[in-house]
Structure formats: C-alpha cells, structure tokens
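Each chain is listed here by its residues.
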Amino acid sequence: MSFGFSFYLTISTMSDTNKYMMMAQIQIIDEDKVHPSRKNLHWWHAVFFFSIISLLICLLQLVLPPPYGLMMASAEVGEVGIAPGCEDDMERCICPRETICATDTLSIILLALARCSAFFDYPLYMMLFLSKAHNLNNHLRRTLFREWIDFGDMHKAHKIFGIVVGIETMFHSFFHLLRWGLNNEMSLLWQTAAGITGFIAAAVTPLICWPMVVPFLKQHIRFEVRKGLHYLSIVWAIALLFHAPSRIPVLIGTASAVYAVDHIFGYVKRNNLIETAYFERYGENGVALHFKNPKSWEDKSPTSYVLIMCPWISKYEWHAFTMFPEPSKENHSMLCIGNSGDWTKQLYDKIKVPCMRQLYVHGPFMTEFSDTAVTTSNAIAVASGIGITPTLSLMMNYAGRKRINIIWGCRDPGLIEFILHKVDIKAITKNSFAFIFYTGKRELALPKNLPANVFIFRSRPDLENTITGIITAIHSGEGLPEELYEKQKKIANAPFRKRMMIAMTRVINVYDKNEMFDYAVEETAKAAERMQEIDLESGRFSDSGSKEYGNMESSRLPVAIPEDQVSLLGLDAMISRFVGIIGEYSISDIEDIFDAIDIDRSEYIDRAEFSAFLRIAATGENNDDDDDVEERRPSEELLLSSMVGLTDMQAALTTSMHNYSRGLSSHHSTTCHGTVFGGSDTKEYVQKLMDDNSGEKPLEEWSIFYCG
C-alpha cells in the first residue's frame, strides 16, 4: 500500500542496499491525489521544452534552403567547390562546408542524427554551468523567482542534464565519425578545427561524467580524484567554444562566463578565515567542528551548507558540509563530519585530542531543505546517520513554528550521544515526535533526563507504519504514550557510575589512552600553576588566577609535582575535555573515584593506575590476565565492588527500548486509530485521508523529506 503527500529525497552517504531499502519502504507518493495541480512536473522540465524547440529549429535547417536552412541545390553545391554536386540523383543536398557536407541519402541521415543531438543539448549546455553558479542561485532563491523555480533542485537538475549531455555527446561524435569514415573523410578529424575540438570534447566527456554517475567508479575512485576529473568540464567548454563558431560562443560562452564570474566572486568575497575553530571527535566515527560566525553571516539562514578547507590537511581540497546553529552559543555554528572518505579520515586521525585549528569557510549556501518544508505546516524528517545534521538545521530554523517530526536511524552511538547532549531536541520538536532507531552495538551514554517526546528504539524502523502512525496521532489529536516514556526514563536515570561507565567506554573507543594520560599530566601542571595564585587563607585569587578551583582543598595539589603523575584536577580536566558533558558527572563524583584509585593517598596516580581506572571505569571488570598487572590492586577491588552490582546497560536497553517488530499498544485503548508507532489501523486511517473527496485535502499541509 502506498500513501501520498509531498516527498523530497536527498541521498548522499548510504550504501546502495540501504538506499534501495529506504526508497522501497517510503512508498508514500501519490502526488496526483494530494496535489492534483502539481502532477509530476518540475521546473527543469521547461528546459527540455526549449531543447525540443532547438531540435525543431535543427530539423527546419535541414529541410529549408538558404538563407534559412542548409538544403542546397546540386548546382549550388558545385559552386561551393567541396563536392561536384548531389549524388543518388538528388536535386538537393547539404554541403555548406567540408565538415558537414552530405551529398548522398545515407550521409544526410547520419548528419541529421548528429546535428539534432547537438541542437537538443544547447539549452542543457547552458544549464550545466548556470546550475552551479551557487552565489547567483543563493541570491535568486530569496526572490520572486523561487515561486517558479525550486533552486534546491539545482544539483539534481545538473546531474540529469549532465547524463543526457554525456550520452548525446558520444552520440553526436559517433554519427559524425561514421559519416566521415564511410565517405573516406577521416582526415577531417585532425585537419579541421571542428574535428580537433570535437575530438577533445568527446575524449574528456567520459572522464567528466562517468566517475560521478557510475556506481562502480564512484565506489573505487576517491572523491578528490573524481572531483578533479569533473573540472575537465572547463576544457570541454573551451573546446566547444571553437567547435561551431556561429552559435556556441553565445550559448556556452555566456553561461560559462556567468559561472566563472560567480566562482571568482565567491572565492574573493565569500571566503572567511576562521582562526580559532574548535575540533573534537563526537564519537568513534566523526569529528564535530565549532566556530563563531563571521559578521557577514548575521542575516543568513541557518539551513545552509558551507565549503571548508583545512590547510593543515590540504590547501586544494574543499568539502561541503551542512551546518547548524550552536545550541549553547549565540552566533556560533557547528558541523558534524562523518568519517566516510579519505579526507574525512585524515581529519579524524589528526584530531587526536580536542583542539583549536584554523580553517577557511566558503559560503554559506542554502540547501534544498531551505525551500522545501517552508510550504507546509507539518513535516516528517526521515534521516539516517550523519544525515541528521541538515535535518537539525531545518528544525532549528522553524522551531516552534511548525510540527517537524524526526525519524532517525543510526548505528553510530557517538553521534547519537553527541546530538542528544548538544541539541535541545524537545525545544525544536514542540508538539512533535522524535524517534531514534539505534542499530549499533555499544551501549549509549544518554542524558539524565530524556525529553518526553524523544523515544529510542533498538531496531530498524518500519517507515510505512511509523509515518502513518505519526500522521494519525497528530491529525486525530492523540498524545504521547506515557508508559513508553516511563521505560525511557529507566535508561536515562541510571546511577552516576553506570553513566560514567558507559561514557568512559565511549571515550576509550574514540581516543588513545596514552594521549589522554599525557593530556591529564599537562593539565596537572597547569592546575598547579593556577593553585599557586590562590590565597590559601582567604580563598581569594590574584588578578590572573582562575576561579574554578576556589572550593578545592589545597592539600589536593601540593606545589611539588611528581614527574609523569596525574592529580585530581588533571584527571577532572581530562574527563571534562574528552568526555565533555556526556555522563553528567560532578567534581565530587570524580573525587570519590580518584580516592578509590589513589590508595597511597599521594594525591596522584601514575600511568598504571590511570590505565586501571580507565579499564574498570569502562568495563566494571578487572582483567587478571593482563601482562602488566601482576595482581589485583586494592583500589581496583574497591572501584569494582561499587560497579558490579549495577544492572548491565545492555539489558536495560533491551528491556526499556521498544522492540519495534513486536508492536506496542497505545495507552489510548479506546481509540480505533492504533498508536503513534503505526499499524494496519493507521495505514487505513491515512488512506481514508488520501481518498477524502470533501475538498478539504487534509494531507496537503504535510511534507516528507529524507537525507542520509
């Protein structure tokens, strides 16, 4: 069964299997029923209309005599001097110049096929360049033109036009070469400007198109290489400028000039150096980037993407990522960059510890989501993995003004933890639902108090059931299931040490423990310097002192610091930097654990004790077989005894998260509409809304968009 309302799809980083599975499940398209006026027309179909007009002009040229066409009398052909006249007893043929001289029937047919393919592509040639004039399109999408042109479709249109041009360029070349070969005129290929430029254009076309559209090539060629090959389009355009001097300079020249000016303007006027960007790993598979917005961004829409260049990785590579507002800092933005390619892997490897680095930012540019959801009052955002970032950007832009429900499938625990701790999901999904379908293996370090409208499931989503369930719940006015929320609280309200155990497991998987220890040693030295500035009697600070340690006992950090040792303050600074707010601990909690490890009461722990702390904090178990541990230390026994009695988090997730495939009854047992989790009743309910003939069109104010 399929259901209908507006649906917008953008796929970026999913495997082919997941793409097809996702597209197969979202069979919620029946535009004609919900939006009869829209049918299946898009603005870029009008470009093909002009292509058809251009094709008709070509056909008219082939049959009309000069000066309107190319069909010449046999005597006129003889006067040109290229051929003696028409063959096959024809009175008229085509031979205005040597490269398009066709004096027999077969040659005329082949010439017609070659020229018609080129004429059909002329409007597409222009749009290939105009669709990538990002700065111009970014400006136009704020004007009245947006009512007729969906500027968010520009990349899709570019891809479609590119495929057509790629096919027909080879088509055009083949029929010209076939005609020249049959007429023993192959020397035209290297003796004429049309032949040489045509050969260059045909040779680079596969290098421009195929790596970007052929799945096998996309998987086996690095993005940087494919992008570099794509810039051979400049060579392609220059070759075409000299291929047919009578018309192409006006068409290709104008469009490519607009693209060139737009490109130069962007890199001169819209590039910004961010000198103090903050980088941190958000989990096992990605990096989070935070920075203060340049002044020129103050009036920009937050639903945007930017191109970034990190000179300490490569001075020549720019990569596009969606940004969204920093929830805790005004006029700041952040990006989540998944580890999915060579460049992102280099970035991940270089961010061994949270740090400040410089980078260049080009943009921002509005995304396809900037125009999509603004037309409806209700929306469902279906996201997978790192695709949550453009979804969050859109939701923050319309928070409180629209019902935007989230369905997020993700197997990266670090990304889920980072988003739940950094973003106030409840605030941006007012009167909406947020469903997270976690399919990873590691335990989650969840916030202590999950919002009432956020639900986490340990399964893959059944999109048809979930989407129809959301629509049914909102349209019928059903509330959130209270009993499911109570189960969610059992996960979030785990004791501190259980949450710390999960958080430390996360950190150990993300960072190297030696890097963590070295950082803690450095922070111990810094803390000692700050403590020397404290007036121990009055608790007052010098002008340059830090106030964050005013309540700490002076005995916790003697002035003389043993070499390669970590103090309580150093340990706290390390946990604060590497764990962040994930785990939600206090200094007293850390002090208890520190005392359990520091059995000799030296106020310091060494590298071995630090490793023991990480191991026990992360697993709750002691490994008697470790080569570097001869016997279990009393400190390990003490810490272990405080943890082993706690319920395993995996069991909590299994019992508390809804097993989607088993179904769950709503607390509204009297309703016939089922639950927000969907089922046969909700499918039937939405189908009735689709079939509504009252003229109210209840689903017209709903839209669905997907980003993966």
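Residues numbered from 1 in each chain as written. Predicted model: local features only at pLDDT ≥ 70, side-chain atom pairs only at ≥ 80, totals over all residues. Heavy atoms only, no water.

### Details of the sheet that holds strand β5 (residues 286-292)
- Around the barrel, which closes on itself, the six strands sit in the order β4-β5-β8-β7-β6-β9 with antiparallel pairing between neighbours. In this sheet, neighbouring strand axes are inclined to one another by 45° on average, regardless of whether the strands run parallel or antiparallel.
- The pairing of strand β7 (residues 319-325) with strand β8 (residues 332-338) spans three bridges and is antiparallel. Bridge pairing links M323 to L335 in β8. (Pairing = 2+ DSSP bridges. Helix = DSSP H or I, 4+ residues; strand = E, 2+ residues; numbered from the N terminus. Axes fitted to C-alpha atoms, helices over the stretch in contact; angles between N-to-C directions.)

### Some details on the confidence of the model for the protein chain
- In this model, the protein chain carries an average pLDDT of 75, and 72% of its residues clear a pLDDT of 70 or more.
- Within the model, pLDDT remains below 50 along residues 540-557, and this stretch shows 36 contacts once partners closer than five positions in the same chain are excluded.
- Throughout residues 624-674 the model reports pLDDT below 50, and contacts reaching past four residues in sequence, or to other chains, amount to 105 contacts. (pLDDT = per-residue confidence, 0-100. Contact = heavy atoms within 4.5 Å.)

### Points about the packing of helix α7 (residues 154-182) against helix α9 (residues 193-213)
- Remark: α7 packs on α9, axes separated minimally by 9 Å, with the N-to-C direction vectors making an angle of 145°. As for the relative orientation of α7 and α9, their crossing is left-handed in sense. Together, K159, G162, I163, G166, T169, M170, S173 and W180 of α7 and G195, G198, A201, A202, T205, P206, C209 and V213 of α9 make up the contact between the two elements.
- Split into classes, the residues belonging to the contact of α7 with α9 amount to eight nonpolar, seven polar and one charged. (Left-handed = near helix turned anticlockwise from the far one by under 90°. Nonpolar A, V, L, I, M, F, W, Y, C, P; charged D, E, K, R; others polar.)

### Some words on the environment of L207
- Relative to the helices and strands, L207 resides in helix α9.
- Placed 25 residues apart in sequence, L207 and L232 show a C-alpha to C-alpha distance of 7.7 Å.

### A short note on a nonpolar patch on the surface
- Taken together, the side chains of L177, M186, W190, I196, F199, I200 and V235 present a nonpolar region at the surface, about 620 Å² in accessible area.
- Following the sequence through the fold, L177 ends up in helix α7.
- L177 gets classed as partly exposed once you look at its relative accessible area, which sits at 34%. (Patch = residues over 30% accessible without salt bridge, like charges linked within 9 Å, V, L, I, M, F, W, Y side chains within 5 Å. Areas by Shrake-Rupley, 256 points an atom, 1.4 Å probe, with all protein chains shown as cover. Salt bridge = Lys/Arg side-chain N within 4 Å of Asp/Glu carboxyl O. Buried < 20%, exposed > 50% of the residue type's maximum accessible area, 1.4 Å probe, protein only.)

### Side note on the pattern of salt bridges
- A full pass over the atoms with the stated rule returns eight salt bridges.
- In this structure, R442 and E417 form a salt bridge, with 3.0 Å as the shortest nitrogen-oxygen distance. Taken together, the residues R442 in the loop between β12 (434-438) and β13 (454-457) and E417 in helix α17 (residues 413-422) connect sequence positions 25 residues apart.
- You can call E417 buried: its relative accessible area is 0%.
- Beyond isolated ion pairs, a larger network of salt bridges with shared partners links R222, E224 and D342.

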